[in-house]
Amino acid sequence: MRIDSYIEKLLFEYNCVVVPGFGAFLAHSKSAEIDMVTKTFAPPTKSISFNAQLSKNDGLLVSHIAKEKKLGYEEILQEVEDVANTWNKRLTLGESIELYGIGKLFHNKDQKIQFQPENKTNFLTSSFGLTSFVATPIQREVLKEEVQELEEKIPFIITPEVRETTSFRPWLKYAAIILLAVSLGVTSYRTYGDLQQKQVAAQQDAQQEVSRLIQEATFFESAPLELPAVVIEVTKRHLGKHHVIAGAFREEPNAEKRVEQLKEKGFNAFYLGVNRYGLHQVAYDSFDDPKEALAFLRKVKATESKDAWLLSEK
């Protein structure tokens, strides 16, 4: 029976996994690091070590395997102890033991067990999937010169704003002209009484015409435009907090193409969005339960792509 996959799974949740009769694998938290010489940024992680002195059974590994295989505790304990005996014999014969996803065990010249971690898997779930990257210096002066060149080459065209005039304002102008003409015409009358009566009548007619035109203009301005109602059905997909990432692309069309490829293979793939580095992320699937996400991730790494990783949101 191979037990390295069970050990690997437990190291994500626990800092000590004991193999009865053999030793314990220990996980130590390690903060993020910056190498000022190479300009390399390393994310927080868990480093794995091995201690042969801690070989007393604490029940964690055996109980986990018994639950996964749905077998009795005593039966699984015997199988794990048989595996430990086999490992000890192989190491005594000078062989090395490769544990997938964990590391390599071998004997040194003093016949003591040595452990070489694989360091390909980040067992710290809060930063799982993050890898080291090298920072590229920003050439600010070059960017400034390029922007200045673009400003000199690209012309700026300012289009004056055109005001829309309402339909009743020309009529106001005509009404004012009529009112002025009437006022000038009545001055030719000799008698003061006729002059006053005609002036009053002309003013009343002009005011009535202006009021009528304003009402008509206001009516056309305020007439509502009825539009047919449009009903759009939108189906919103539920996303969990744990995403199994298939890749990150600089161009969005490449990300959309990858989503279509994964959907053709039967995955519930979707476009996750742009991360803080400006890359377009594509996910195989999304989960609420982190254990389901890790199980799906291992399946994808074994069958689809070893470069898949898990992104967990807070």
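Keep in mind the model is a prediction, meaning the values are calculated, not measured. (Residues numbered from 1 in each chain as written. Predicted model: local features only at pLDDT ≥ 70, side-chain atom pairs only at ≥ 80, totals over all residues. Heavy atoms only, no water.)

### Digging into the overall build of the chain
Okay, so step 1: For the chain, the count of helices and strands is eight helices and 13 strands.
Okay, so step 2: Within the chain, the fraction of its 314 residues that count as buried is 29%.
Okay, so step 3: When contacts within the chain are restricted to residue pairs at least 6 apart in sequence, those whose partners lie at least 24 apart make up 59%.
Okay, so step 4: Surface accessibility of the chain: about 22,800 Å² in total, with carbon and sulfur atoms responsible for 54%. (Helix = DSSP H or I, 4+ residues; strand = E, 2+ residues; numbered from the N terminus. Buried < 20%, exposed > 50% of the residue type's maximum accessible area, 1.4 Å probe, protein only. Contact = heavy atoms within 4.5 Å. Areas by Shrake-Rupley, 256 points an atom, 1.4 Å probe, with all protein chains shown as cover.)

### Focus on the sheet that holds strand E10 (residues 242–249)
Okay, so step 1: Pairing is antiparallel in the open sheet, where four strands are placed in the order E11-E12-E10-E13. Where the open sheet ends on each side, the last strands, each with one partner, are strand E11 (270–274) and strand E13 (309–312). The sheet shows a mean angle of 45° between the axes of neighbouring strands, direction not considered.
Okay, so step 2: Sheet contacts for helix H7 (residues 252–264): E10, E11 and strand E12 (280–287); angle to E12, the most-contacted strand, approximately 30°.
Okay, so step 3: Across the sheet, helix H8 (residues 290–303) touches E10, E12 and E13, and the angle it forms with E12 is around 115°. (Pairing = 2+ DSSP bridges. Axes fitted to C-alpha atoms, helices over the stretch in contact; angles between N-to-C directions.)

### Points about a negative patch on the surface
Okay, so step 1: Side chains of Glu252, Glu256, Glu260 and Glu264 sit close together on the surface and give a patch of like negative charge.
Okay, so step 2: With respect to the element layout, glutamate 256 can be found in helix H7.
Okay, so step 3: Assessed through its relative accessible area of 42%, glutamate 256 is described here as partly exposed. (Patch = residues over 30% accessible without salt bridge, like charges linked within 9 Å, V, L, I, M, F, W, Y side chains within 5 Å. Salt bridge = Lys/Arg side-chain N within 4 Å of Asp/Glu carboxyl O. Lys, Arg positive; Asp, Glu negative; His and termini not counted. Charge placed at Lys NZ, Arg CZ, Asp CG, Glu CD.)

### Details of helix H1 (residues 4–11)
Okay, so step 1: With seven of its eight residues buried, H1 lies for the most part within the structure.
Okay, so step 2: Along H1, the positions that sit buried rather than exposed are Asp4, Tyr6, Ile7, Glu8, Lys9, Leu10 and Leu11.

### Focus on the pattern of salt bridges
Okay, so step 1: For the structure on display, the rule yields four salt bridges.
Okay, so step 2: In this structure, glutamate 304 engages lysine 265 in a salt bridge whose closest nitrogen and oxygen atoms are separated by 2.8 Å. Of the two residues, glutamate 304 is situated in the loop between H8 and E13 and lysine 265 in the loop between H7 and E11; the sequence distance between them amounts to 39 residues.
Okay, so step 3: Given the relative accessible area of 27%, glutamate 304 is considered partly exposed.

### Looking at the nonpolar core
Okay, so step 1: Membership of the largest hydrophobic core comes to 48 residues, with the highest contact counts inside it found for Ile7, Val19, Phe25 and Leu61.
Okay, so step 2: Considering each element in turn, this core owes the most residues, seven residues, to helix H3 (residues 73–92).
Okay, so step 3: Composition of this core by domain shows at least three residues from each of domain 1 (3–127) and domain 2 (242–312).
Okay, so step 4: For leucine 61, the residues in contact, after removing those within four places along its chain, are Ile3, Tyr6, Ile7, Leu10, Val17, Val18, Val19 and Val80. (Core = buried A, V, L, I, M, F, W, Y, C linked by side-chain atoms within 4.5 Å. Domains from an automatic or database assignment.)

### A closer look at the pairing of E11
Okay, so step 1: Here four bridges tie E11 to E12, and the two strands are oriented antiparallel to one another. When the bridges of E12 are listed, valine 274 appears paired with histidine 280.
Okay, so step 2: Remark: five residues form the turn of the hairpin made by E11 and E12, two consecutive strands paired antiparallel; glycine 278 in that turn has positive phi of roughly 80°.

### Here we look at the confidence of the model for the chain
Okay, so step 1: Of the residues in the chain, 66% have a pLDDT of 70 or more, and the chain-wide mean is 78.
Okay, so step 2: Note that pLDDT drops below 50 for residues 164–168; the model gives that stretch six contacts with residues more than four away or on any other chain.
Okay, so step 3: Across residues 217–223, confidence stays below pLDDT 50; counting only partners more than four residues off in sequence or on other chains, it has four contacts. (pLDDT = per-residue confidence, 0-100.)

### Considering the pairing of strand E7 (residues 103–107)
Looking along a regular strand, one sees side chains alternate from face to face of the sheet.
Okay, so step 1: Note that strand E6 (residues 97–99) and E7 share three bridges and pair antiparallel. Looking at E7, one finds that glutamate 98 is bridged to lysine 104.
Okay, so step 2: Where E6 folds back on E7, the antiparallel hairpin that results is connected by three residues, among which glycine 101 adopts a positive phi of roughly 80°.
Okay, so step 3: Direction of pairing for E7 relative to strand E8 (residues 113–117): antiparallel, over a ladder of five bridges. Note that in E8 the partner of histidine 107 across the bridge is isoleucine 113.
Okay, so step 4: The turn linking E7 back onto E8 is made up of five residues, and glutamine 111 within it adopts a positive phi angle of 60°.

### Quick notes on the environment of glycine 240
Okay, so step 1: Along the chain, glycine 240 falls in the loop between helix H6 (192–222) and E10.
Okay, so step 2: Distance from glycine 240 to alanine 293, taken between C-alpha atoms, is 9.6 Å for residues 53 residues apart in sequence.
Okay, so step 3: In contact with glycine 240, other than residues within four places in its own chain, are Ser286, Phe287 and Asp288.

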